[in-house]
Amino acid sequence: MTTQQNDHVDGAIEIEIWSDVACPWCYIGKHRFLSALADFDGRDRVNVVWRSYQLAPDSPVGERRSELEALMQHKGMSAEQVRQMFGHVAGLGVDEGIKFDFDNVIAANTFDAHRLIHLAGESREALMEALFRAHFSDGAVIDDRAELVEIASQVGLDADIVRAWLESDAGADEVRADLDTARQLRVSGVPFFVANRRVAVSGAQQKDVFLQFLSQASEAPVS
């Protein structure tokens, strides 16, 4: 498997994945998809391209509200309803080796995190995993640039380069381009998986569904 490449070989399968690092279903879906990919016979022909998406683009930066409070306001749900949802998601996470600690999750605007992902190159998938873990397990504030520098450093990115990147507008156009493409493709929820712009599947599907998706994708190569 290769990641974030643009060159194609014969029979190449390009999988574009729109996701948000503040989306628990994206975290689960990532693990399930990569598990399916590891078992896919044609995995060496698969090129994974991670695309940016924001579930809550209007979230204020630096507000540091709890996820419980944010969802109560955003979705109009009661505290008990949100806690029940948290419990359901946390249970599914256990099956995927993911620890969700929703009591400590801080709601965040993810635009800077997505800009940083565009810097990461071949470390993109590792950085996304670190961001997911920081947000959902460690209680990190992922719209705090100092914390983003620390998270990026953990996966081998140079702290000075990351800091300069975040202090500029670098990566912003790439994030906006991903968001625009999502609108063009009528993506209304994430995670969203597209193979060669011909086959798509939405949601944190079970592993066998992703294997079927990959098999279908292998029959629709890039022209």
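Scroll up a little and you will see the structure.
Small disclaimer: the values here were computed from a predicted structure and weren't measured.

Chemist: So what exactly am I meant to see when it comes to the overall build of the protein here?
Modeler: For the protein, the helix and strand inventory stands at nine helices and five strands. From first element to last, N terminus to C terminus, the protein shows the α and β order β-β-α-β-α-α-α-α-α-α-α-β-β-α. Counting only C-alpha atoms and orienting by the principal axes, one finds that the protein spans roughly 50 × 40 × 30 Å. Every one of the 223 residues in the protein was classed for burial, and the buried ones make up 49%. By sequence separation, contacts in the protein at least 24 residues apart represent 74% of the contacts at least 6 residues apart. Surface summary for the protein: the accessible area is close to 10,800 Å², and the carbon and sulfur share equals 45%. Of note, the protein has its 21 positive side-chain charges centred 3 Å away from the centre of its 36 negative side-chain charges.

Chemist: I would appreciate a short explanation of the nonpolar core in the present structure.
Modeler: Nonpolar side chains in soluble globular proteins tend to be buried together. Judged by nonpolar contacts, the single largest core of 62 residues is most densely connected at I15, F33, L127, L131 and F213. A total of seven residues in this core trace back to one element, the largest contributor, which is helix α5 (residues 124–136). Setting aside residues up to four positions removed in sequence, F213 forms contacts with I15, F33, F193, V194, A195, V199, A200 and V201.

Chemist: What am I meant to see in the packing of α5 against helix α6 (residues 145–154) here?
Modeler: Relative placement of two packed helices is described by the angle separating their axes and the distance separating the axes. Put simply, α5 and α6 touch, their axes get as near as 9 Å, and they point 130 degrees apart. In terms of axis orientation, α5 runs oblique to α6. Note on packing geometry: the crossing formed by α5 with α6 is right-handed. Facing L127, A130, L131 and A134 of α5, the residues of α6 in contact are L148, I151 and A152. When its residues are assigned to classes, the contact of α5 with α6 shows seven nonpolar, no polar and no charged.

Chemist: Help me out: how do you make sense of the environment of I117 in this one?
Modeler: Here I117 is to be found in helix α4 (residues 111–119). Sequence separation of I117 and A70 is 47 residues, and the distance between their C-alpha atoms is 24 Å. Excluding residues that lie within four positions of it along the chain, I117 makes contacts with V21, R124, L127, M128 and L131.

Chemist: So what exactly am I meant to see when it comes to the pattern of salt bridges here?
Modeler: Working definition: two side chains of opposite charge can pair if their charged atoms are close together. Enumeration according to the criterion identifies 14 salt bridges in this entry. Between R197 and E16 there is a salt bridge whose closest N-O contact spans 2.6 Å. Of this pair, R197 sits in the loop between β4 (192–195) and β5 (199–202) while E16 sits in strand β2 (residues 13–19); the two residues are 181 residues apart in sequence, bridging distant segments of the chain. A relative accessible area of 47% means that R197 is categorised as partly exposed.

Chemist: Just to check I follow, could you spell out the packing of α4 against α6 for this structure?
Modeler: Two elements in contact, α4 and α6, have axes whose closest approach is 11 Å; the angle formed by their N-to-C orientations is 30 degrees. Read as a crossing pair, α4 and α6 show a hand that is right-handed. Where α4 approaches α6, its residues D112, A113, R115 and L116 are matched on the opposing element by R145, L148 and A152. Split by residue class, the contact of α4 with α6 holds four nonpolar, no polar and three charged.

Cut-offs and rules
- Residues numbered from 1 in each chain as written.
- Predicted model: local features only at pLDDT ≥ 70, side-chain atom pairs only at ≥ 80, totals over all residues.
- Heavy atoms only, no water.
- Helix = DSSP H or I, 4+ residues; strand = E, 2+ residues; numbered from the N terminus.
- Buried < 20%, exposed > 50% of the residue type's maximum accessible area, 1.4 Å probe, protein only.
- Contact = heavy atoms within 4.5 Å.
- Areas by Shrake-Rupley, 256 points an atom, 1.4 Å probe, with all protein chains shown as cover.
- Lys, Arg positive; Asp, Glu negative; His and termini not counted.
- Charge placed at Lys NZ, Arg CZ, Asp CG, Glu CD.
- Core = buried A, V, L, I, M, F, W, Y, C linked by side-chain atoms within 4.5 Å.
- Axes fitted to C-alpha atoms, helices over the stretch in contact; angles between N-to-C directions.
- Parallel < 35°, antiparallel > 145°, perpendicular 65-115°, else oblique.
- Left-handed = near helix turned anticlockwise from the far one by under 90°.
- Nonpolar A, V, L, I, M, F, W, Y, C, P; charged D, E, K, R; others polar.
- Salt bridge = Lys/Arg side-chain N within 4 Å of Asp/Glu carboxyl O.

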